[in-house]
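Each chain is listed here by its residues.
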There are 2 protein chains.
Amino acid sequence: MAKDLKFASLLDIYGAVLTDKQREMLELYYNEDLSLSEIAANEGISRQGVRDSIKRGEETLTELDGKIGTTAVIEKYEALLEKVVKKCDEIISDCRSYTTTKSVIEKLEGIKSEISGETA
Amino acid sequence: MAKDLKFASLLDIYGAVLTDKQREMLELYYNEDLSLSEIAANEGISRQGVRDSIKRGEETLTELDGKIGTTAVIEKYEALLEKVVKKCDEIISDCRSYTTTKSVIEKLEGIKSEISGETA
């Protein structure tokens, strides 16, 4: 199976509600980027056993996100902020092309660095 | 006990991962605003039994939010957006008091209604 990196982000959000064992396997696989065989050797279990554990962990993460929806909440806010930044760019470009004051541009640049500072 | 309405919002976020019974009790208490005695009569259990169930449900919600932290994520974005709206107000007020174009103001008003529309 190919590693789907969305699970690294789901693990970051929901990892604390998994069992210790489940979280450990997923962390080794997604955060430490170990292979199934490396994890199997570390844990002293079969490669198939590791694969099954990780599959179950992924299912739990997907189910939790389906029920709680934190990913969707984050995506909603990020999309909104992206729109705000684009609108600021439009206004800045307007201000540069016709009559306005330098301070308006500076303040709009301020909004943008605020948003990029908090969402990086 | 006094009803703490933060649990209505936690129930909205995490309710789907509670057991059906737990969710039902909390919904009657927080969303339908029934009293402990009313729920007890409906469910055919003691008032103390209802109280214990709700307490346990509240503990589960608090624990989930401590582990997953969706409330904190939402608060972070809401605070950021509030700052953006305040900055827009500042700029609009600047624009009204000295040289600028009507379209700059209109666009900034556009940013604000976008934000209030998506976060209401």
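Note that the structure is a prediction, hence the values are computed from the model and not measured.

(A) Focus on helix α1 (residues 6-14) of chain B. Buried residues of α1 of chain B: Phe-7, Leu-10, Leu-11, Ile-13 and Tyr-14 of chain B, and no others. When α1 of chain B is viewed along its axis, its buried side chains cluster within an angular range of 165° and face the same direction.

(B) Region of the structure containing helix α4 (residues 47-68) of chain A. Residue and element names in this part refer to chain A. Along its 22 residues, α4 runs 31 Å from first to last C-alpha, staying within 8% of the 32 Å computed at 1.5 Å per residue. Of all the residues in α4, the buried ones are Val-50, Ser-53, Ile-54, Gly-57, Glu-58, Leu-61, Leu-64, Asp-65 and Ile-68. Mapping the buried residues of α4 onto a view down its axis gives an arc of 135°, with all of them on the same face. Phi turns positive, to about 75°, at Gly-69, one or two residues after α4.

(C) Focus on the pattern of salt bridges. Counted according to the given criterion, the structure contains 12 salt bridges over all chains. One salt bridge in this structure joins Asp-33 of chain A and Lys-3 of chain A, with 2.7 Å as the shortest N-O distance. Remark: Lys-3 of chain A occurs in the segment before α1 (6-14) and Asp-33 of chain A occurs in the loop between α2 (20-31) and α3 (36-43); sequence separation between them is 30 residues. Close ionic contact of Asp-4 of chain B with Lys-6 of chain B constitutes a salt bridge, the shortest N to O distance being 3.9 Å. In this structure Asp-4 of chain B comes out as partly exposed when scored by relative accessible area, which is 34%.

The rules behind each value
- Residues numbered from 1 in each chain as written.
- Chains lettered and ligands numbered in written order.
- Predicted model: local features only at pLDDT ≥ 70, side-chain atom pairs only at ≥ 80, totals over all residues.
- Heavy atoms only, no water.
- Buried < 20%, exposed > 50% of the residue type's maximum accessible area, 1.4 Å probe, protein only.
- Helix = DSSP H or I, 4+ residues; strand = E, 2+ residues; numbered from the N terminus.
- Arc of directions from axis to C-beta.
- Expected span 1.5 Å × (residues − 1).
- Salt bridge = Lys/Arg side-chain N within 4 Å of Asp/Glu carboxyl O.

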